Amino acid sequence: MFKNYRSLIALLLFFAGMLNYLDRAALSVMAPLVKQDLHIDDAQMGILFSCFFIGYCLFCFLGGWAADRFGPRRVFGWAAAIWSLFCGATALAGNFTHLLIMRVLFGIGEGPMGTTTNKSISNWFPRKETGRAVGFTNAGQPLGAAVAAPIVGLVGLHFGWRVSFLAIALLGFVWLGFWLWLFRDKPEDHPHVSASERSLIKAQRPATRLAEAGTRPAGIWRYVFSLPVLGVAAAFFCFNYIQFFFLSWLPSYLTDYQHLDIKSMSLIGVLPWLGATAGFIGGGLISDAIYRRTGNFLLSRKLVIFAGLAVAAVSVMLTAWAENIIFAVALITLASVFAYMTPQACWSLLQDIVPAERIGTAGGFVHLLANLAGILSPAITGFLIQYGGGYASAFLLASALALTGIALLALFVRQRSVTRLRALA
């Protein structure tokens, strides 16, 4: 019997995010080799980065709905199996079209991850711990991108880019075995969770007030199209634009614009993602600390999002004029630290304004809208590099969107509108 089994759940979700982003970042790290081998230009590479999100966005929503209906254990299990399979199958691609198909199918597998993680946290963690739980579990994502640079880069450099995809696919199947062995949908279903821990979690779950009061929450679309939920989605979208800009194009920026070789890029490219990991964890701790001091859950999350996007906007804007590699990487790392304070605050904010019975579907819809940035950001960046103002114009656009996210969150997510949404029954 474990006194704190939810810590093990947090570790499982942490490693899931780490593997998810390790898989996802592999093509970005290997882009110079893949472009040379398959004769792909920058505009085509931007399309490849973006097409991943065609399947991904759709299954963000469907995965969230499925997590509400079938439980996160089953949904995450199928998702991990699919994304690992098609990550490995990428090694078989022989041309641009093959890669395009593999990326769409790979995206379908990864789509349910974010919403299913949030559903798992909603089931397994008390309200006072949601900020740090979301921050810690999601910190695995940028850490996965961080280790992708040296691991995938060096493996690809010595054994070829195809071997790197096969190796990380194998890691995904190893994680899947541990997930099916150790995870259950709720602590009440797990024989190794103590009675005291089950009672603590059940009594303090976020967003369960309506169900526990014996009432039925309103139809899902009343929540999905409410101003607070759309405001969270808008802020998440603007963060994601920066995230997928960095995730897709940072290795190419370091090699093509800053003239690093692949080995140097693989080492230096780690720094922004280590900063992002610190931002995820720090943002969760800070938002929970503000909540403990003020007792205002909404304020604690909004302050973190405002500060994160504001500093990221300024840092990304200044990067547009950075010619020195040290200055450029320092600014990108600073942007990553603060930008990555945003998503965990968005997820925990959503848990507070949507009842638990609707959190999977509502979270899936928010994730769908937010990840439209994954379709737009890599493709727009690719065309700006190929035909527009180069990397400088891409950095300026990302900065402007970060400021837009602050404005939309302030406009849509207000205490009055959140209170009205909570009152729906």
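Thresholds, definitions, all that
- Residues numbered from 1 in each chain as written.
- Predicted model: local features only at pLDDT ≥ 70, side-chain atom pairs only at ≥ 80, totals over all residues.
- Heavy atoms only, no water.
- Helix = DSSP H or I, 4+ residues; strand = E, 2+ residues; numbered from the N terminus.
- Rg over C-alpha atoms; globule rule 2.2 N^0.38 Å.
- Buried < 20%, exposed > 50% of the residue type's maximum accessible area, 1.4 Å probe, protein only.
- Areas by Shrake-Rupley, 256 points an atom, 1.4 Å probe, with all protein chains shown as cover.
- Lys, Arg positive; Asp, Glu negative; His and termini not counted.
- Charge placed at Lys NZ, Arg CZ, Asp CG, Glu CD.
- Polar contact = N/O pair within 3.5 Å; in protein donor to acceptor, adjacent residues only side chain to side chain.
- Contact = heavy atoms within 4.5 Å.
- Salt bridge = Lys/Arg side-chain N within 4 Å of Asp/Glu carboxyl O.
- Core = buried A, V, L, I, M, F, W, Y, C linked by side-chain atoms within 4.5 Å.
- Axes fitted to C-alpha atoms, helices over the stretch in contact; angles between N-to-C directions.
- Parallel < 35°, antiparallel > 145°, perpendicular 65-115°, else oblique.
- Left-handed = near helix turned anticlockwise from the far one by under 90°.
- Expected span 1.5 Å × (residues − 1).
- Nonpolar A, V, L, I, M, F, W, Y, C, P; charged D, E, K, R; others polar.

Our next topic: the overall build of the protein. Along the backbone of the protein there are 21 helices and 0 strands. The C-alpha atoms of the protein give a radius of gyration of 20 Å, which matches the 22 Å a tight globule of 425 residues would have. Based on the C-alpha atoms only, the size of the protein along its principal axes is roughly 60 × 45 × 35 Å. Buried positions account for 61% of the 425 residues belonging to the protein. Summing over all exposed atoms, the protein offers an accessible surface of approximately 15,700 Å²; the carbon and sulfur share of this is 69%. Distance from the positive charge centre (31 side chains) to the negative charge centre (18 side chains) of the protein: 12 Å.

Attention now goes to the side chain of Ser84. Structurally, Ser84 can be placed in helix α4 (residues 72-89). Within polar-contact distance, the side chain of Ser84 engages the backbone oxygen of Ala80 at 2.9 Å. Those residues in contact with Ser84 that sit more than four places away from it in its chain are Ala169, Gly172 and Phe173.

All right, on to the pattern of salt bridges then. A full pass over the atoms with the stated rule returns 4 salt bridges. The shortest N-O distance in the salt bridge between Arg162 and Asp37 comes to 3.6 Å. With a gap of 125 residues between them, Arg162 in helix α8 (residues 161-182) and Asp37 in helix α2 (residues 31-38) connect regions that are remote in the sequence. When its relative accessible area of 37% is taken as the criterion, Asp37 is described as partly exposed. Notably, a salt bridge pairs Lys119 with Asp68, separated by 2.8 Å at the nearest N-O pair. Note that Lys119 is positioned in helix α6 (residues 113-124) and Asp68 in helix α3 (residues 42-70), a separation of 51 residues in sequence. Here Asp68 falls in the partly exposed class, since its relative accessible area comes to 23%.

Now for the nonpolar core. One recurring pattern in soluble globular proteins: nonpolar side chains tend to sit buried together. Membership of the largest hydrophobic core comes to 129 residues, with the highest contact counts inside it found for Val34, Trp175, Phe246, Trp273 and Phe395. For this core, the element with the highest residue contribution is helix α12 (residues 227-257), accounting for 18 residues. Leaving out residues up to four positions away in the same chain, Trp273 has contacts with Pro142, Leu143, Ala145, Ala146, Gln243, Phe246, Leu247, Leu250 and Tyr340.

Packing of helix α1 (residues 6-29) against α4 brings their axes to within 11 Å, and their N-to-C directions diverge by 25°. Classed by the angle they form, the pair α1 and α4 counts as roughly parallel. As for the relative orientation of α1 and α4, their crossing is left-handed in sense. Contacts between α1 and α4 involve Leu13, Ala16, Asn20 and Asp23 from the first element and Phe76, Trp83 and Cys87 from the second.

Below, the discussion takes up helix α18 (residues 359-370). The end-to-end C-alpha distance of α18, which contains 12 residues, comes to 16 Å, matching closely the 16 Å that a straight helix rising 1.5 Å per residue would cover. With 11 of 12 residues buried, α18 lies mostly within the body of the structure. Turning to α18, its buried residues number three or more, namely Ile359, Gly360, Thr361, Ala362, Gly363, Gly364, Phe365, Val366, His367, Leu368 and Ala370.

Compared with the 16 Å implied by 1.5 Å per residue over 12 residues, the 17 Å span of helix α17 (residues 342-353) between its first and last C-alpha is a close match. In terms of residue burial, α17 counts as a mostly covered element, since 12 of its 12 residues are buried. Where α17 is concerned, the buried positions are Thr342, Pro343, Gln344, Ala345, Cys346, Trp347, Ser348, Leu349, Leu350, Gln351, Asp352 and Ile353.

Following the sequence through the fold, Phe225 ends up in the loop between α11 (220-224) and α12. Separated by 137 residues in the primary sequence, Phe225 and Ala362 have C-alpha atoms spaced 9.3 Å apart. If we skip the residues at most four places from it in the chain, Phe225 touches Leu230 and Phe365.

Backbone phi values are negative for most residues with the exception of glycine, while trans is the configuration of most peptide bonds. At His39, a residue that is not glycine, the phi angle is positive and equals roughly 55°. Inspection of the secondary structure puts His39 in the loop between α2 and α3. Judged by relative accessible area, His39 falls into the exposed class, the value being 69%.

Let's shift gears to the packing of α12 against helix α19 (residues 372-387). It is the contact of α12 with α19, at a shortest axis distance of 8 Å, that shows an interaxial angle of 50°. Compared by their axis directions, α12 and α19 come out oblique. In this structure, α12 meets α19 at a crossing whose hand is right-handed. Side by side, α12 and α19 meet where Phe237, Asn240, Tyr241, Phe244, Phe245, Ser248 and Trp249 of the first sit next to Leu372, Ala373, Gly374, Leu376, Ser377, Pro378, Ile380, Thr381, Gly382 and Ile385 of the second. Split by residue class, the contact of α12 with α19 holds 11 nonpolar, 6 polar and no charged.

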